[in-house]
Amino acid sequence: MLALSFLELNSTLALNLSWTGLKQRAGLTEAKSGAGVSAEASSVKCKLQGAARLPAFSMDGDYVIGGVFSIHNYMHTVKHNYTTMPEPLRCTGRIDSRELRFSRAMVFAIQEINNSSKLLPGITLGYQIHDSCGSVPMAVRVAFQLSNGLEPVFYTGNNCSQSGMVMGIVGESGSTPSISMSRVIGSFNIPQVSHFATCACLSNKEQYPSFFRTIPSDQFQADALAKLVKHFGWTWIGAVRSDSDYGNNGMASFLDAAQKEGICVEYSESFYRTHPRSKIQRVADVIRRSTAMVVVAFAASGDMKILLEELSREPSPPRQWIGTESWVTNPDMLRFTFCAGAIGFSIQQSVIPGLRDFLLDLPDTKVAASPVLTEFWEDAFNCRLGKSEKVESVCDGTEDIQTLKSPYTDTSQLRITNMVYKAVYAIAHAIHNSACQKTNSTTQCDKHTRVLTQLKKVNFSQNGYDVSFDANGDPVATYELVNWQKSKIGSIEFVTVGHYDASLPVGQEFRINRNLTWVEGSTQVPVSVCTDSCPPGTRKVLQKGKPICCYDCIPCPEGEISNATDSPDCFPCPKEFWPNAERNKCFPKPVEFLSFDEVLGIILAAFSVGGACLAMITAAVFFRHRMSPIVRANNSELSFLLLFSLTLCFLCSLTFMGAPSEWSCMLRHTAFGITFVLCISCVLGKTIVVLMAFKATLPGNNVMKWFGPPQQRMTVVSFTFIQVLICTIWLLLSPPFPMENLTVYKEKIILECALGSAIGFWAVLGYIGLLAVFCFVLAVLARKLPDNFNEAKFITFSMLIFCAVWITFIPAYVSSPGKFTVAVEIFAILASSFGLILCIFAPKCFIILFQPEKNTKKHLMNKN
């Protein structure tokens with residue numbers, strides 16, 4: 001509750017109400033009688049000191065219901081002279097036609113109850129309706145006055161006047177005045193039912209035990225507003241509020257709910273209608289300079305009117321207004337056309353039969369008898385009742401209230417008016433159920449307690465509208481979503497476009513059933529964000545020193561994606577998947593292996609098959625000329641075996657192509673190792689034969705008998721068997737197997753054969769290398785032996801090529817990625833195989849086919 005200034009507090013307490021009289025009226029002090037008590041003490045009189053403020057409307061009855069409304073918006077304050085009685089506070093400013101309608105609706109409801117035979121039969125309800133001017137001091141004064149009663153002498157002896165304290169109070173329209181009133185009358189258990197005080201703080205029954213309301217708490221509206229803002233994707237908003245309990249508490253609830261929904265607030269400004277214009281201007285300038293398109297206004301109607309008037313003085317950028325029920329359905333606000341498209345929650349629209357006729361039933365006598373109605377009439381028709389210096393300004397009786405365009409006469413949007421209507425009926429039902437009879441033994445305090453107890457239990461329907469209160473004195477929260485739309489004739493009108501029901505399950509409370517129009521008549525939902533949404537494939541990174549709604553959009557790192565808008569994080573794809581170019585989806589990684597379908601595979605396969613064909617053609621040439629000297633001189637048996645092994649070497653390279661399988665992985669390495677050992681064994685055998693042949697020409701040397709054809713065959717078989725044994729052990733202990741390599745390339749899968757045992761693989765290669773080096777050394781030793789056709793020279797060249805290829809192969813094999821590892825291995829096989837066949841057999845074939853004259857024993861044995 002806003003603190004009262006010292007001046008206001010003195011203004012309030014200047015009533016000098018007899019506090020002893022208050023306690024006696026509440027039954028807190030008993031009149032003593034008997035011995036020792038003087039006659040003066042037995043006739044105690046409690047007087048209301050000071051000038052009492054007359055109600056705006058009143059009628060006596062068996063039970064009286066008080067009413068407090070902000071019929072005026074301003075209060076005239078006076079300077080105090082503490083030596084004399086202060087001047088009474090006076091309401092100033094124009095009459096609020098809407099609040100006047102609320103007060104008249106209360107009178108209508110009481111008259112309707114008095115005419116009813118079902119509710120309070122035989123009992124007449126009276127009323128005392130006061131104007132609080134929307135002021136806390138005046139509201140407190142009225143609360144004291146209603147608690148004491150209006151009569152100058154209201155307590156005499158043991159007699160209780162029925163028209164003393166009221167049985168219940170309807171009002172006030174504002175939260176802050178209602179809080180002040182409740183603190184005063186709550187001590188006496190006088191029920192207070194507000195039609196328009198929505199501050200969530202009033203739900204605290206420990207502080208406000210006698211407070212009830214027919215309008216939902218702002219806590220529900222704050223949650224609904226946060227869901228509304230979130231629904232339309234607005235994450236960057238401005239916020240303005242009344243600097244009062246209603247605005248401050250309501251905005252605090254909204255900001256808490258908005259934070260949970262991920263909504264950021266660019267600014268939050270407070271103001272009040274009594275603030276200096278400079279303060280209102282500053283708030284208006286903040287709105288004009290802001291970047292937020294949406295403005296949420298949690299403000300009282302009177303305060304909002306002042307702010308919008310200030311904004312209308314200078315052109316302002318278009319803003320989408322979101323309003324609370326306090327102002328968003330106030331017809332007075334429709335004149336601010338720049339707010340067209342505003343949306344907000346309001347109380348459910350209703351119909352009260354007979355109310356319009358009652359409001360329009362204002363004959364001259366009734367108007368003249370009421371100062372408030374007189375002021376309203378003169379203000380509405382711009383004339384004066386009675387005598388006036390200006391003849392043209394005197395009301396001449398032609399004024400017709402039926403044609404008046406005013407919130408007072410507008411009953412097309414009865415929302416808060418119905419809350420007043422329901423509040424009156426709620427108190428009447430509580431009085432009816434309490435069965436409080438006129439007995440001298442029942443004090444007013446007891447009656448108030450009974451009415452208060454029964455008010456907590458009321459549950460009825462009136463005109464089809466249910467009335468009940470929960471443990472906090474609040475009704476079920478239901479709202480309509482109202483949109484300011486232009487009609488066909490160009491005027492702005494309220495259109496209900498949706499509903500909100502807090503009693504429904506979570507996620508189903510809010511629904512929209514009609515199209516909305518937005519700021520400047522647009523049909524597209526306006527955008528109000530600090531930063532545009534981050535598209536999928538990026539993540540949000542907060543900007544330093546700014547709210548969470550202000551961020552930068554950073555692309556996801558390699559291998560990660562985000563598939564949602566405004567994703568705070570990126571997440572990696574599964575191992576077998578890789579992001580697309582936009583990094584918003586994961587796709588299966590392409591599988592890569594050396595295929596027969598690709599260019600590299602076709603080239604290597606062609607060389608492989610070509611090499612095998614070349615070996616077979618060479619074998620055919622040798623077989624065709626097997627009896628020629630050059631073939632016979634070069635150990636035709638080993639030559640044919642060598643050509644056979646070379647054919648297998650060329651063909652084994654084909655096993656390295658295609659998708660690896662369990663059998664192909666075991667076959668490719670073992671076939672390669674065995675065929676190459678067979679090949680090198682044959683070359684080694686031929687080298688040894690050359691050396692032995694020349695050694696055999698020396699006198700007394702018969703070494704050839706120790707290395708004849710059987711020994712040559714045994715040598716080849718022995719060397720080859722050792723490799724077969726190595727391969728067998730490798731396959732038995734840890735054979736090669738197919739695997740998906742996910743480490744070489746992040747974006748694709750390499751299908752390859754894992755070695756199983758690296759020792760086995762390098763043992764196979766090492767053994768081949770050992771034989772090759774041994775053969776190369778022997779060939780070097782025999783390279784200068786005299787002969788026209790020295791085969792040792794060609795073997796030397798072939799072994800030199802073979803060793804060079806495989807020495808180069810090792811670093812190339814280790815460093816080549818993916819399928820190129822296999823390509824390097826195939827290239828090494830083909831290169832070494834072509835080196836052997838070309839160096840060893842090409843010269844011989846050339847002589848056989850193109851120089852047959854050299855294919856003679858004489859030429860071969862010639863030393864020149």
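All values derive from a computational prediction rather than experimental measurement.

Caption draft 1: Expanded view of the overall build of the chain. Counting its regular elements, the chain contains 25 helices and 30 strands. Counting only residues that meet the buried cut, the chain has 52% of its 864 residues in that class. Contacts in the chain between residues at least 24 apart in sequence constitute 71% of all its contacts with a sequence separation of at least 6.

Caption draft 2: Focus on the sheet that holds strand β3 (residues 63-69). Strand order across the open sheet formed by six strands is β2-β6-β3-β9-β10-β11, with mixed pairing between neighbours. Two strands close off the open sheet at either side, each with one partner strand: β2 (57-59) and β11 (211-213). Within this sheet the neighbouring strands show an average axis-to-axis angle of 25 degrees, counted without direction. The sheet contact formed by strand β10 (residues 192-194) and β11 spans three bridges and is parallel. Looking at β11, one finds that S194 is bridged to R213. Its contacts with the sheet put helix α4 (residues 97-114) on β2, β3, β6 (125-131) and β9 (168-170), and the angle it makes with β6 is roughly 175 degrees. Sitting on the sheet, helix α6 (residues 175-185) is in contact with β3, β9, β10 and β11, with an inclination near 170 degrees to β10.

Caption draft 3: Up close: the state of the cysteines. Evaluated as defined, the whole model comprises eight disulfides. Here C556 engages in a disulfide with C570; their sulfurs sit 2.0 Å apart. Disulfide C556-C570: torsion about the S-S bond near -80 degrees, hence left-handed. Of this pair, C556 sits in the loop between β23 (551-555) and β24 (560-561) while C570 is found in the loop between β24 and β25 (571-572), placing the two residues 14 residues apart along the sequence.

Caption draft 4: A look at the pairing of strand β18 (residues 465-468). Covered by surrounding structure in β18 are Y465 and V467 only, the residues D466 and S468 on the alternate face being uncovered. Two strands pair when backbone bridges link them, and strand β17 (residues 459-462) and β18 are joined in this way by four bridges, in the antiparallel orientation. Bridge pairing in β18 links S461 to D466. Hairpin remark: β17 followed by β18, antiparallel, with two residues in the connecting loop; positive phi at N463, about 60 degrees.

Caption draft 5: Representation of the pattern of salt bridges within the structure. What the rule picks out here adds up to 14 salt bridges. Between R384 and E378 there is a salt bridge, and its shortest N-O distance comes to 3.9 Å. Overall, R384 belongs to the partly exposed group, its relative accessible area being 45%. Taking relative accessible area as the criterion, E378 reaches 17% and is therefore assigned buried. Between E558 and K746 there is a salt bridge, and its shortest N-O distance comes to 3.5 Å. Placement of the pair is E558 in the loop between β23 and β24 and K746 in the loop between β29 (737-741) and β30 (749-754), with a sequence separation of 188 residues. One salt-bridge network, held together by shared partners, links R277, E310 and R313.

Caption draft 6: Region of interest: a nonpolar patch on the surface. Where nonpolar side chains cluster on the molecular surface, the patch consists of F721, L725, I729, L732 and L733 and spans about 580 Å² of accessible area. The residue L733 is located in helix α21 (residues 709-733) in this model. According to the relative accessible area criterion, L733 is exposed, its value standing at 69%.

Caption draft 7: Quick look at the side chain of T198. Here T198 is to be found in the loop between β10 and β11. Among all residues touching T198, those that are not within four sequence positions of it are S175, R213, I215, P216, S217, D218, Y246 and E325.

Caption draft 8: Expanded view of the UniProt feature "transmembrane region" (unreviewed entry) in the chain. Residues annotated in UniProt with the feature "transmembrane region" (unreviewed entry) correspond here to residues 599-623, 638-659, 671-694, 715-733, 759-782, 794-814 and 826-850. Helix makes up 100% of residues 599-623 and strand 0%, whereas the separation of the span's terminal C-alpha atoms amounts to 36 Å.

Caption draft 9: Expanded view of the packing of helix α19 (residues 636-652) against α21. Relative to each other, α19 and α21 sit at 20 degrees, their axes nearing to 10 Å. Judged on the interaxial angle alone, α21 and α19 are roughly parallel. Along this stretch, α19 crosses α21, giving a crossing that reads as right-handed. Touching E637, L638 and L641 of α19 are P709, Q712, R713 and V716, all from α21. Grouping the constituent residues of the contact of α19 with α21 by class yields four nonpolar, one polar and two charged.

Caption draft 10: Region of interest: helix α17 (residues 599-624). Taking 1.5 Å of rise per residue, 26 residues should cover 38 Å, and α17 covers 37 Å from first to last C-alpha, within 8% of that figure. Of the residues making up α17, those classed as buried are G601, L604, A605, S608, G611, A612, A615, T618, V621 and F622.

Caption draft 11: Quick look at the nonpolar core. One finds M106 and F254 to be the most contacted residues of the largest nonpolar core, which totals 96 residues. For this core, the element with the highest residue contribution is helix α15 (residues 416-434), accounting for twelve residues. Counting contributing residues, this core receives three or more from each of domain 1 (49-78 + 86-152 + 160-216 + 408-468) and domain 2 (218-350 + 477-521). The contact partners of F254, leaving out residues within four places of it in the chain, are A222, L225, A226, V229, I237, V296 and F298. If you look at the next biggest cluster of nonpolar residues, it comprises 67 residues, including M657, F802, A823 and L836.

Caption draft 12: Summary view of the environment of Y813. Mapped onto the elements of the fold, Y813 is located in helix α23 (residues 791-815). For Y813, a relative accessible area of 14% corresponds to the buried category. Taking the C-alpha atoms as reference points, Y813 and A823, separated by ten residues in sequence, lie 9.0 Å from one another. When near neighbours in sequence (up to four residues on either side) are disregarded, Y813 contacts L755, F761, T821, V824 and E825.

Caption draft 13: Seen up close, the environment of R98. Structurally, the position occupied by R98 is in helix α4. Look at R98 and you get buried, because its relative accessible area is 4%.

Caption draft 14: Here's a closer look at the packing of aromatic side chains. Following the criterion strictly, the structure yields 28 aromatic pairs and no others. Look at F345 and Y479: their rings are 5.9 Å apart centre to centre, the planes differ by 55 degrees, and that puts the pair in the tilted class. Note that F345 is positioned in strand β16 (residues 343-346) and Y479 in strand β19 (residues 478-486), a separation of 134 residues in sequence. Under the relative-accessibility criterion, F345 is labelled buried at 0%. An aromatic cluster is defined as three or more aromatic residues linked by ring pairs; in this entry it consists of F108, F358, Y421 and Y425. K748 extends its terminal NZ or CZ atom over the ring of Y745, reaching a point 4.2 Å from the ring centre. Against the face of F841 rests K844, its NZ or CZ located 5.6 Å from the ring centre.

Caption draft 15: Structural detail: the environment of V240. Considering the arrangement of structural elements, one finds V240 in strand β12 (residues 236-242). Along the backbone, V240 and S270 are 30 residues apart, and their C-alpha atoms lie at a distance of 5.7 Å. Excluding anything up to four places from it in sequence, V240 contacts M251, Y267, E269, F271, V283, I287, V295, V296, A297, F298, L307 and W321.

Caption draft 16: Quick peek at the sheet that holds β30. The strand order across the open sheet built from three strands is β28-β30-β29, with neighbouring strands paired in mixed fashion. Strands with a single pairing partner mark the edges of an open sheet, and in this sheet they are β28 (591-592) and β29. In this structure, β29 lies alongside β30, joined through five bridges in antiparallel fashion. Bridge pairing in β30 links E740 to L751.

Conventions used here
Residues numbered from 1 in each chain as written. Predicted model: local features only at pLDDT ≥ 70, side-chain atom pairs only at ≥ 80, totals over all residues. Heavy atoms only, no water. Helix = DSSP H or I, 4+ residues; strand = E, 2+ residues; numbered from the N terminus. Buried < 20%, exposed > 50% of the residue type's maximum accessible area, 1.4 Å probe, protein only. Contact = heavy atoms within 4.5 Å. Pairing = 2+ DSSP bridges. Axes fitted to C-alpha atoms, helices over the stretch in contact; angles between N-to-C directions. Disulfide = S-S within 2.5 Å. Salt bridge = Lys/Arg side-chain N within 4 Å of Asp/Glu carboxyl O. Patch = residues over 30% accessible without salt bridge, like charges linked within 9 Å, V, L, I, M, F, W, Y side chains within 5 Å. Areas by Shrake-Rupley, 256 points an atom, 1.4 Å probe, with all protein chains shown as cover. UniProt positions renumbered as here; feature names shortened; annotations may be inferred. Parallel < 35°, antiparallel > 145°, perpendicular 65-115°, else oblique. Left-handed = near helix turned anticlockwise from the far one by under 90°. Nonpolar A, V, L, I, M, F, W, Y, C, P; charged D, E, K, R; others polar. Expected span 1.5 Å × (residues − 1). Core = buried A, V, L, I, M, F, W, Y, C linked by side-chain atoms within 4.5 Å. Domains from an automatic or database assignment. Phe/Tyr/Trp six-rings, centres within 6.5 Å; stacked < 30°, edge-to-face > 60°. Lys NZ or Arg CZ within 6 Å of the ring centre and 35° of its normal.

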